[in-house]
2 protein chains.
Amino acid sequence: MSDAYAAAGVSIAAGADAVERYRTMAGGARDPRVLEGIGAFAGCFSLRGYRDAVLVASTDGVGTKVLVAAALRRYGTIGQDLVNHCINDIACLNAQPLFLLDYLAMGRLRPDIAESIVAGIAAACRQNDVALLGGETAEMPDLYDEKHFEVAGTIVGAVERDAMLKVDAVVAGDCIIGLPANGFHTNGYTLVRKVIAENRYQDIVEGAPASIADALMAVHPSYLSHVRAVQAAGVHVKAMAHITGGGLPANVPRVLPDALGARFDRARWSVPVLMAQVVREAGLTDDEAYRTFNMGVGFCLIVARSDVARALAAARAALSEFPIPGGADLTAAMIGEVEPAHPCGPRTFIG
Amino acid sequence: MSDAYAAAGVSIAAGADAVERYRTMAGGARDPRVLEGIGAFAGCFSLRGYRDAVLVASTDGVGTKVLVAAALRRYGTIGQDLVNHCINDIACLNAQPLFLLDYLAMGRLRPDIAESIVAGIAAACRQNDVALLGGETAEMPDLYDEKHFEVAGTIVGAVERDAMLKVDAVVAGDCIIGLPANGFHTNGYTLVRKVIAENRYQDIVEGAPASIADALMAVHPSYLSHVRAVQAAGVHVKAMAHITGGGLPANVPRVLPDALGARFDRARWSVPVLMAQVVREAGLTDDEAYRTFNMGVGFCLIVARSDVARALAAARAALSEFPIPGGADLTAAMIGEVEPAHPCGPRTFIG
């Protein structure tokens with residue numbers, strides 16, 4: 001059957017093959033929270049142990065990092081980028097991630113490539129104790145080029161209602177701890193790809209030991225372990241921001257009360273080498289650069305000044321135990337502080 | 001700022017405009033289950049009122065129906081297709097849908113088009129009492145053609161653990177109630193588009209009053225109201241199947257115990273006119289046709305024979321109250337029954 005469908009560019013056999021590969025991959029220890037539902041029209045997750053659960057959910061993609069992965073034919077880590085991005089987003093709400101569903105679409109369904117991508121998703125889920133509850137794999141021949149794919153994910157976590165962060169907990173004088181980024185993460189790739197043409201991917205980054213390809217594909221880290229380590233050290237983390245599109249100026253003010261802003265001291269951290277090179281080659285102004293890229297800060301925690309030493313020690317210890325992929329030397333720093341916002345200026349100052 | 005980014009094909013201003021339009025759209029009555037979370041990195045949903053909640057989640061797209069919508073520049077209903085597809089999937093697990101997150105990607109972010117698409121998503125969510133909890137809109141210039149877009153969604157619902165359906169509830173002799181499909185729903189479009197070229201979209205369907213364009217864009221219905229009406233009539237719905245990719249032969253056996261199969265009497269329902277035309281023009285065999293398209297059955301409920309009359313009456317009354325879009329004359333029928341599976345043959349027989 002399905003000769004007509006195959007001629008139209010959709011292979012039922014390839015779809016079945018991909019699903020079989022996912023099943024094999026999901027083998028091993030069963031997650032007792034995942035229940036058998038009839039017919040597999042959806043995934044079932046038992047939400048036990050909460051008194052007054054608030055579900056916290058986020059959907060994201062990885063931007064045109066998918067095109068870099070496709071060009072390099074490196075499919076194994078893009079799923080980790082996706083999962084970790086999603087985890088960091090809900091970590092900002094103090095939520096524990098519970099399960100994830102993925103959406104994978106390809107111009108031509110190559111079961112081996114689909115398997116590599118989903119293997120990366122599954123690995124990052126396992127590392128963060130997240131159940132990979134389901135997903136959809138679609139073959140869409142005329143929407144995507146034969147060699148291209150798209151991937152998106154939705155994460156669902158939970159937090160006790162009384163453990164939700166309160167926006168007015170943050171006051172002027174609080175300090176901002178920055179956790180380091182190891183590269184572009186999943187942001188700014190459309191510009192990066194314009195500046196760095198594919199024929200340069202095998203070149204070496206200026207003044208660095210890595211190839212441009214490796215630097216571009218550096219895995220977006222999950223900061224969940226580091227956040228939990230800081231909290232476990234008894235620090236009251238008042239607010240958190242995942243530094244994605246829009247950079248520090250767009251993401252930090254989102255978690256501050258309206259009257260407050262943030263002042264950053266850029267001498268406190270370093271910009272990834274390839275990022276600095278892209279900023280230079282693109283001729284971005286400082287303001288443009290900080291609004292386009294994370295500029296080396298992947299995640300911010302806001303704590304009282306009296307908690308800074310303890311928070312930094314805990315974050316650094318956690319970064320030793322769970323190093324940022326490809327960034328064993330990267331560490332946490334006190335990168336700025338909260339101050340009254342300028343009444344008619346921007347809410348962040350990076351000096 | 002962001003001149004460089006704009007030159008690379010990503011418009012921050014268009015993104016901000018789209019988000020502003022979503023916000024306006026979401027206005028009106030606030031859903032008290034949706035809580036304010038700091039920073040909007042994720043959506044927050046209060047899960048109250050459950051004793052032992054099982055979360056039921058599904059991710060889906062609408063296949064290359066997006067290409068039909070893009071070709072016709074009809075963006076207002078594709079979001080309804082998406083949401084209703086997701087709702088039907090988790091309805092099969094007896095789950096009540098709670099919230100949805102969408103993923104929208106475009107080659108060039110046109111805020112007006114994004115608004116239309118998300119308006120359709122929001123409308124279907126409202127109709128089904130589902131909170132639109134969040135989403136992601138991505139501009140990805142080199143992955144998608146400038147005129148193309150992709151849309152996917154993740155729905156999360158819940159069911160009390162003791163209200164989950166049990167696969168062994170279904171026995172030989174049980175009957176299958178079919179709820180009518182109004183067209184291809186979100187399935188088989190890659191083949192349909194090969195058979196029906198775009199220059200025929202304005203033609204009239206053979207022997208029907210509708211244009212091919214209208215028939216192709218018929219909105220995938222949500223069957224949730226009809227399912228709930230049958231249950232409210234006191235019928236024990238033992239199992240349910242959403243008839244999507246793979247048709248009746250792939251989807252009904254998924255909800256049956258291994259030893260059972262299903263026998264359908266195709267005289268009991270009718271095939272949508274354009275679907276019959278596509279089957280003819282593509283030269284599909286019966287077997288191919290039933291495995292590729294829903295062939296007129298959108299959703300199946302399995303009930304005891306003694307419940308059939310009551311189930312049919314309730315389903316028909318519900319279809320009068322909540323008619324299938326574009327199918328006011330469509331009604332429910334007893335379309336088949338459960339029987340012991342042939343030991344070495346297919347598990348469905350359509351005669």
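Everything here concerns the structure above.
Residues numbered from 1 in each chain as written. Chains lettered and ligands numbered in written order. Predicted model: local features only at pLDDT ≥ 70, side-chain atom pairs only at ≥ 80, totals over all residues. Heavy atoms only, no water.

Some remarks on the overall build of chain A
Right, so step 1: Scanning chain A from N- to C-terminus turns up twelve helices and twelve strands.
Right, so step 2: Expected size for 351 residues packed as a compact globule is a radius of gyration near 20 Å; at 21 Å, chain A falls within 12% of this value.
Right, so step 3: Each principal axis of the C-alpha atoms in chain A carries an extent, and together these give about 70 × 55 × 40 Å.
Right, so step 4: The long-range fraction of contacts in chain A, counting pairs at least 24 apart against all pairs at least 6 apart in sequence, stands at 84%.
Right, so step 5: Carbon and sulfur atoms make up 52% of the accessible area of chain A, which amounts to about 13,000 Å² in all.
Right, so step 6: Averaging the positions of the 30 positive and the 38 negative side-chain charges in chain A gives two centres separated by 4 Å. (Helix = DSSP H or I, 4+ residues; strand = E, 2+ residues; numbered from the N terminus. Rg over C-alpha atoms; globule rule 2.2 N^0.38 Å. Contact = heavy atoms within 4.5 Å. Areas by Shrake-Rupley, 256 points an atom, 1.4 Å probe, with all protein chains shown as cover. Lys, Arg positive; Asp, Glu negative; His and termini not counted. Charge placed at Lys NZ, Arg CZ, Asp CG, Glu CD.)

Section: the interface of chain B and chain A
Buried accessible area, meaning the area lost when the parts come together, often serves as the stated size of an interface.
Right, so step 1: Chain B puts 80 residues into the contact, and the matching count from chain A is 80 residues.
Right, so step 2: Each partner contributes to the roughly 6,500 Å² buried at the junction of chain B and chain A, and carbon and sulfur atoms together form 64% of this total.
Right, so step 3: The largest contributions to the chain B side of the interface with chain A come from Ile38(B), Phe41(B) and Leu55(B), which together make up 14% of the buried area.
Right, so step 4: With a shortest N-O distance of 2.9 Å, Asp142(A) and Arg193(B) are connected by a salt bridge.
Right, so step 5: Between chain B and chain A we count 22 residue pairs in polar contact (both at pLDDT 80 or more) in total.
Right, so step 6: In terms of residue class, the side of chain B that touches chain A is built from 45 nonpolar, 17 polar and 18 charged.
Right, so step 7: Relative to strand β2 (residues 43-46) of chain B, strand β3 (residues 53-61) of chain A runs antiparallel, the two sharing four bridges. Across the sheet, residue Val56(A) finds its bridge partner in β2(B), namely Cys44(B). (Buried area = accessible area lost by both parts, 1.4 Å probe. Salt bridge = Lys/Arg side-chain N within 4 Å of Asp/Glu carboxyl O. Polar contact = N/O pair within 3.5 Å; in protein donor to acceptor, adjacent residues only side chain to side chain. Nonpolar A, V, L, I, M, F, W, Y, C, P; charged D, E, K, R; others polar. Pairing = 2+ DSSP bridges.)

Let's talk about the state of the cysteines
Residues and elements named next belong to chain B.
Right, so step 1: By the definition in use, this model includes zero disulfides over all chains.
Right, so step 2: Cys 300 carries a free sulfur, and the closest cysteine sulfur to it, the one in Cys 92, is 9.2 Å from it.
Right, so step 3: Judged by its relative accessible area of 1%, Cys 300 is buried. (Disulfide = S-S within 2.5 Å. Buried < 20%, exposed > 50% of the residue type's maximum accessible area, 1.4 Å probe, protein only.)

Observations concerning the packing of helix α4 (residues 78-91) of chain B against helix α5 (residues 111-127) of chain B
Residues and elements named next belong to chain B.
Right, so step 1: It is the contact of α4 with α5, at a shortest axis distance of 6 Å, that shows an interaxial angle of 40°. On the basis of their axis angle, the class for α4 and α5 is oblique. As α4 packs across α5, the resulting crossing turns out to be right-handed. Listed contacts from α5 to Ile 78, Gly 79, Gln 80, Leu 82, Val 83 and Asn 84 of α4 are Ile 117, Gly 120, Ile 121, Ala 124 and Cys 125.
Right, so step 2: Partitioning the contact of α4 with α5 into residue classes produces seven nonpolar, four polar and no charged. (Axes fitted to C-alpha atoms, helices over the stretch in contact; angles between N-to-C directions. Parallel < 35°, antiparallel > 145°, perpendicular 65-115°, else oblique. Left-handed = near helix turned anticlockwise from the far one by under 90°.)

Some points on helix α10 (residues 273-282) of chain B
Right, so step 1: If you check which residues of α10(B) are buried, you get Leu274(B), Met275(B), Gln277(B), Val278(B) and Val279(B).
Right, so step 2: Those residues of α10(B) hidden inside the fold are in contact with α6 (189-195), α7 (212-217) and α11 (286-292) of chain B.

Observations regarding the relation of the copies chain B and chain A
Look at the two chain copies: a rotation about an axis and a shift along it is all it takes to match them.
Right, so step 1: The two copies are related by a screw motion: chain B maps onto chain A through a turn of 180° and a shift of 0.0 Å along the axis, at an RMSD of 0.0 Å. Each copy turns onto its partner about a two-fold axis.
Right, so step 2: Taken together, the interface assignments show that 100% of the residues at the interface of chain B recur at the interface of chain A, consistent with an identical surface on both copies. (Least-squares fit on C-alpha atoms with pLDDT ≥ 70 in both.)

Regarding the side chain of Thr64(A)
Right, so step 1: Along the chain, the position of Thr64(A) falls in the loop between β3 and α3 (65-72).
Right, so step 2: A relative accessible area of 3% means that Thr64(A) is categorised as buried.
Right, so step 3: At a separation of 3.3 Å, a polar atom in the side chain of Thr64(A) contacts the side chain of Arg193(A).
Right, so step 4: Those residues within four positions of Thr64(A) in sequence are excluded, and the remaining contacts are Tyr189(A), Thr190(A), Arg193(A) and Met140(B).

Some thoughts on the pattern of salt bridges
Residues and elements named next belong to chain A.
Right, so step 1: Scanning all chains against the criterion turns up 42 salt bridges over all chains.
Right, so step 2: The shortest N-O distance in the salt bridge between Arg 21 and Glu 115 comes to 2.5 Å. Here the residue Arg 21 occupies a position in helix α2 (residues 12-26), and Glu 115 occupies one in helix α5 (residues 111-127), the gap between them amounting to 94 residues.
Right, so step 3: Owing to a relative accessible area of 25%, Arg 21 belongs among the partly exposed residues under this scheme.
Right, so step 4: For Glu 115, a relative accessible area of 28% translates into the label partly exposed.
Right, so step 5: Between Glu 339 and Arg 263 there is a salt bridge; the shortest N-O distance is 3.0 Å. Pair noted here: Glu 339 is in strand β11 (residues 333-340) and Arg 263 is in strand β9 (residues 260-264), with a separation of 76 residues, a long-range link.

Purely geometric numbers; function is a separate question.
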